[in-house]
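Residues per chain, in single letters:
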Amino acid sequence: MPLEEKERIIIPDENGEEHLFEVLFTFDVDETAQSYVAVVPAEQKEDEEVEVFAFRYEEKQNDDDLALYHIESEEEWDMVEEVLNTIAENEDLQE
């Protein structure tokens, strides 16, 4: 099941504490056949600076769960940041 905008997901932190996040968008990279998701904390206040988190993900075969992976390589982070910046610029132009 592909993710849709405004969908909410729960992501546990390194201590096992669960946090609710709102999905901003997902995107796929054809060259690497990888999928990525950008999320923000759901409890974030309107006047706070938005902290965006990004993960590589895979959909599990037998259910609707996702397997999330930290982005570890510098090249991968650079590519994700470029996509985030492009989307942010496009949103600024539309406002």
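About the criteria used
- Residues numbered from 1 in each chain as written.
- Predicted model: local features only at pLDDT ≥ 70, side-chain atom pairs only at ≥ 80, totals over all residues.
- Heavy atoms only, no water.
- Phe/Tyr/Trp six-rings, centres within 6.5 Å; stacked < 30°, edge-to-face > 60°.
- Helix = DSSP H or I, 4+ residues; strand = E, 2+ residues; numbered from the N terminus.
- Buried < 20%, exposed > 50% of the residue type's maximum accessible area, 1.4 Å probe, protein only.
- 1 Å grid on protein atoms, 1.4 Å probe; cavity = no way out; pocket = protein on both sides within 12 Å on 5 of 7 lines; lining within 4 Å.
- Points joined across faces, edges and corners; volume = space filled by probe spheres on them.
- Nonpolar A, V, L, I, M, F, W, Y, C, P; charged D, E, K, R; others polar.
- Polar contact = N/O pair within 3.5 Å; in protein donor to acceptor, adjacent residues only side chain to side chain.
- Contact = heavy atoms within 4.5 Å.

Asker: What should I look at first to understand the packing of aromatic side chains in this one?
Answerer: How two aromatic rings sit relative to each other is set out by the distance from centre to centre and by the angle between their planes. For the coordinates displayed, the defined rule picks out three aromatic pairs. An angle of 80° between the planes, with centres 5.6 Å apart, marks the rings of Phe21 and Phe53 as edge-to-face. You can see Phe21 sitting in strand S2 (residues 18-29) and its partner Phe53 sitting in strand S4 (residues 53-59), a full 32 residues away along the chain. Look at Phe53 and you get partly exposed, because its relative accessible area is 27%.

Asker: Mind showing me how you'd approach unusual backbone geometry here?
Answerer: Excluding glycine, residues mostly have negative phi values, and the peptide bonds linking residues are mostly trans. Unusually for a residue other than glycine, Ala33 sits at a positive phi of about 60°. Examined against the element boundaries, Ala33 turns out to sit in the loop between S2 and strand S3 (34-41). Since its relative accessible area comes to 67%, Ala33 is described here as exposed.

Asker: Help me out: how do you make sense of the layout of surface pockets in this one?
Answerer: Summary: where empty space remains is shown by rolling a probe the size of a single water molecule over the atoms. Of the pockets and cavities examined, the second largest pocket occupies roughly 380 Å³. Looking at the second largest pocket, it is lined by 17 residues, and the ones nearest its centre are Ile11, Pro12, Asp13, Phe55 and His70. With four residues, strand S1 (residues 8-12) is the single largest residue contributor to the lining of the second largest pocket. Here the residues of the lining of the second largest pocket are counted per class, giving 13 nonpolar, two polar and two charged.

Asker: Can you help me understand the side chain of Arg56 in this one?
Answerer: Along the chain, Arg56 turns up in strand S4. Overall, Arg56 belongs to the buried group, its relative accessible area being 18%. Side-chain polar atoms of Arg56 contact the side chain of Glu76, separated by 3.5 Å. Discounting chain neighbours no more than four positions away, the residues touching Arg56 are Gln34, Ser35, Tyr36, Ala67, Leu68, Tyr69, Ile71 and Glu76.

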